[in-house]
Amino acid sequence: MDVVSPEKRLRMENKKLSREIKRLRKDNEILRIANDQASRTQAYIQKDSTRQVFFNNQLLRTYPYLLVLTDEKLLTVMISDVFFRYSGDFEREEIRRGVPLREVLAGVLPEDDLSILLEKCEAALAGASAPPYLMRSVVGGSKVDWRITIKRMEKTGGEFAGLNIMFVDMTDVVNAMERAEEADKAKSNFLANMSHEIRTPMNAIVGMAEFILRDSADENAKRHATRIKSAARTLLAIINDILDFSKIESGKMELVNDSYQLSHLIADLASMVNARLQTRPVTFRTDIDGNIPNLLYGDEVRLKQILINILGNAMKFTHSGYIALAIRHEKLAGDYCRLFFRVTDTGIGIKAAELEKIFSSFTQVDTKRNRSVEGTGLGLAICRRLVDMMGGSIHVESEYGKGTTFRFDIVSAVEGWQKLSEAEEGEAEPDGGAFRATFRAPEARVLVVDDNEMNLEVAEGLLAPYGVFVAKATSGPEAIECFARDTFDVVFMDHMMPDMDGVEAMRRIRLLKGGPEAVVIALTANALSGAAAEYKKLGFQDFLAKPIEPKIMEKVLRNALSPRLIRMLEKPPGESAAEKPAKAATGDVYADAIDEERALKYCMGNRDFFGKMLGAFRKNDKTKPLENFFRAKDWENYRIVVHALKGNALTVGALRLSGHAKELEFAARDKRTEVIVEKHAPFMEEYRALLAAIDAREKP
Ligand code: ADP
């Protein structure tokens, strides 16, 4: 047994104790350090949160918007100091302790607006997210435009914490915007009014210069007058641009659609370009797809304006080489097509950086180099808007120093799918335009009403093969008288008549004996799409567009007559095909002006009837009234006469004259008197020449 002396044991105990003491000391030291650390951290945290509070307060004090933070019960937590500008009802401390949102904002928003806001807040509390909204309210007698944003606040982890509602005062911005809009509107109105005012005296200037040119024998005076005319014309072109532009700006520009022939439009453009290029080493090339349908329905005047602007620019900026016009098409669904136009020139070109700018208003690029070139910088801006209205777009490519290409496309309604190439060659339609009646109705009674005597003869001639009894009336009251004397099965009623129009006359006929049963068909020269529905709404059973196409008339007549009146014909009477017109010698005014094949289409291919029509056209000489109305500046009556002449000329195949009459009609309608002043004399000359040619032809 190992006996340890007490002394040794004591020593061992001692050693153990001192080791324990050492360890405790060390632990104590660690604890002290940890403690130190903890108190330092605590001090730091305290300092930091004071800092946070300081910065938060600073933020709320200087924040420019009204910011309200609420808890999930819509009690306020914080508010930015902007609030105190609108309301003195609360202390900052109260708000921090929580005030219901409705009470806090009662001084800022009127009751109704506040209710809307609270509804949106409730929705946001329920989880809906809402876009910012604008609210105009009246605070303390003056209006404030608020932009209000309501957002949910979430703590980290997605726990819902309340709402963040921000009000941005937009009053100044909205005021500035409203002022700018008003100024813009005022500018557009001013421009529109001014250009209208300027045009009136300008017409006098152009007209007077015209008179000097016509009446004066003094060569010097004539030279000056020519200058005056040319300067006035330039000025008018600028004014027209400004007027168009302000019309577009104020949303008043409207397209005026009517049927037209693309071949005529192209011919007009080509002669204009060729005339202007005569003295320059620049050639004009055209590349036009012959398969494009020729008979289109759209705003010919505006389409021409676009092309003239682009071709005009090309001519202004091209000093040698060529200018080329290409046209293509693409068939669209129904009776529509898309037309593609391209104008290429070998002119001075446009710098890449300036390409997009040229479609903006009042922009002329490269002004240093182009100082001598006239223009307002509005042309292409107008083109872009017009192309836009026609359902297309316009683009430009250019290489500076080499040349420029403009491309645009439009959607157009097609009225006849006859190809452009055929129209240009003047070939007749496959059936030669001949048409034969397929039935007779000798017991039927038809009344035709039109204030234009030639139209009455046309209708009578077209009705003759059906063997119906035809009565004619030249006015609404006369038609009513006729109908009161004798009832009729069918009435063809012109829409536009002076004094009493066709609608009124139709309504009065309906009140007469037999009136409700009669079929009344509207005759109209301005058949727009949707016309059928419009006329039916007015109380007509059907409508017929002028010039009347025999085929369509037969259909309308057959629908109008009761079957008991109709006797079908087995075979067309007569064996021979339609009579073909004898081609007149070329170079002759008559042959040049009258497209007989086209005219025969409106005359059932019947030459006698065509001869009668031509006679009526000759007899219906409108030169005197036109000259009188022109001299008296009676544009309304001028328009009426020239409108009728447009239709009559078309009936006898005088397509060009009809086109020119249409230009004058539109000019008179739009009060563009300068156009009338310019075009009246050449038009009258053309008209008189045609009448003389008809006379010469009748006297063999
Ligand atoms: P303007 O009525 O002044 O001609 P536009 O809007 O028609 O105004 O044209 C704007 C500008 O675009 C022109 O002034 C010209 O600088 C430039 N531009 C247009 N077409 C051509 C072109 N074919 N070649 C070179 N520059 C052109």
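Residues numbered from 1 in each chain as written. Predicted model: local features only at pLDDT ≥ 70, side-chain atom pairs only at ≥ 80, totals over all residues. Heavy atoms only, no water.

### Comments concerning the sheet that holds strand β17 (residues 519-524)
- Spatially, the 5 strands line up as an open sheet ordered β15-β14-β16-β17-β18, and their pairing is parallel. A single partner strand is all that each edge strand has here, and the edge strands are β15 (469-473) and β18 (542-545). If you compare each strand with its neighbour and ignore which way they point, the axes differ by 20° on average.
- Where strand β14 (residues 445-449) lies against β15, 5 bridges are found, and the strand directions are parallel. By the bridge assignment, V448 is partnered in β15 with K472.
- Running at roughly 155° to strand β16 (residues 490-494), helix α14 (residues 502-510) makes contact with β16 and β17 of the sheet.
- Here helix α16 (residues 550-560) sits on the sheet and contacts β16, β17 and β18; the angle it forms with β18, its principal contact strand, is near 160°. (Pairing = 2+ DSSP bridges. Helix = DSSP H or I, 4+ residues; strand = E, 2+ residues; numbered from the N terminus. Axes fitted to C-alpha atoms, helices over the stretch in contact; angles between N-to-C directions. Contact = heavy atoms within 4.5 Å.)

### Quick word on the sheet that holds strand β1 (residues 66-70)
- Strand order across the open sheet formed by 5 strands is β2-β1-β5-β4-β3, with antiparallel pairing between neighbours. Edge strands, defined here as strands with exactly one partner in the open sheet, are β2 (76-79) and β3 (133-139). Within this sheet the neighbouring strands show an average axis-to-axis angle of 25°, counted without direction.

### Considerations on the nonpolar core
- Counting residues in hydrophobic clusters, the biggest one holds 65 residues, and the most contacted among them are F492 and F617.
- A total of 9 residues in this core trace back to one element, the largest contributor, which is helix α23 (residues 673-698).
- Excluding residues that lie within four positions of it along the chain, F492 makes contacts with V446, L447, V448, V449, L463, I521, L523, L544, V556 and L557.
- The next biggest cluster of nonpolar side chains, apart from the first, holds 47 residues, and it includes L269, F284, I323 and L339. (Core = buried A, V, L, I, M, F, W, Y, C linked by side-chain atoms within 4.5 Å. Buried < 20%, exposed > 50% of the residue type's maximum accessible area, 1.4 Å probe, protein only.)

### Digging into the packing of helix α20 (residues 623-631) against helix α21 (residues 635-651)
- Look at α20 against α21: their axes get within 8 Å of each other, and the N-to-C directions meet at 155°. Comparing their axes, α21 and α20 come out roughly antiparallel. At the point where α20 passes α21, the crossing takes the left-handed sense. Where α20 abuts α21, its residues L626, F629 and F630 lie against W635, N637, Y638, V641, V642 and L645.
- By residue class, the composition of the contact of α20 with α21 is 8 nonpolar, 1 polar and no charged. (Parallel < 35°, antiparallel > 145°, perpendicular 65-115°, else oblique. Left-handed = near helix turned anticlockwise from the far one by under 90°. Nonpolar A, V, L, I, M, F, W, Y, C, P; charged D, E, K, R; others polar.)

### Section: the pattern of salt bridges
- Scanning the model with the defined rule gives 35 salt bridges in all.
- R32 is the partner of D36 in a salt bridge, and the nearest nitrogen-oxygen pair spans 3.8 Å. Of this pair, D36 and R32 both sit in helix α1 (residues 6-62), 4 residues apart, which is roughly one turn of that helix.
- For D36, a relative accessible area of 35% gives the class partly exposed.
- For K679, the salt bridge goes to E663, with nearest N and O atoms at 3.1 Å. (Salt bridge = Lys/Arg side-chain N within 4 Å of Asp/Glu carboxyl O.)

### Side note on the environment of Q37
- Take Q37: it is sitting in helix α1.
- Between the C-alpha atoms of Q37 and V458, which are 421 residues apart in sequence, the distance is 114 Å.

### Some points on the packing of helix α12 (residues 453-463) against helix α19 (residues 607-619)
- In contact at an axis separation of 10 Å, α12 and α19 are set at 170° when each is read in the N-to-C sense. As the angle between them shows, α12 and α19 are arranged roughly antiparallel. For the pair formed by α12 and α19, the contact residues are M454, E457, V458, G461 and L462 on the first element and F609, M613, A616, F617 and K619 on the second.
- Considering only residue class, the contact of α12 with α19 consists of 7 nonpolar, 1 polar and 2 charged.

Fair warning: the whole summary comes from geometry, so function is off the table for now.
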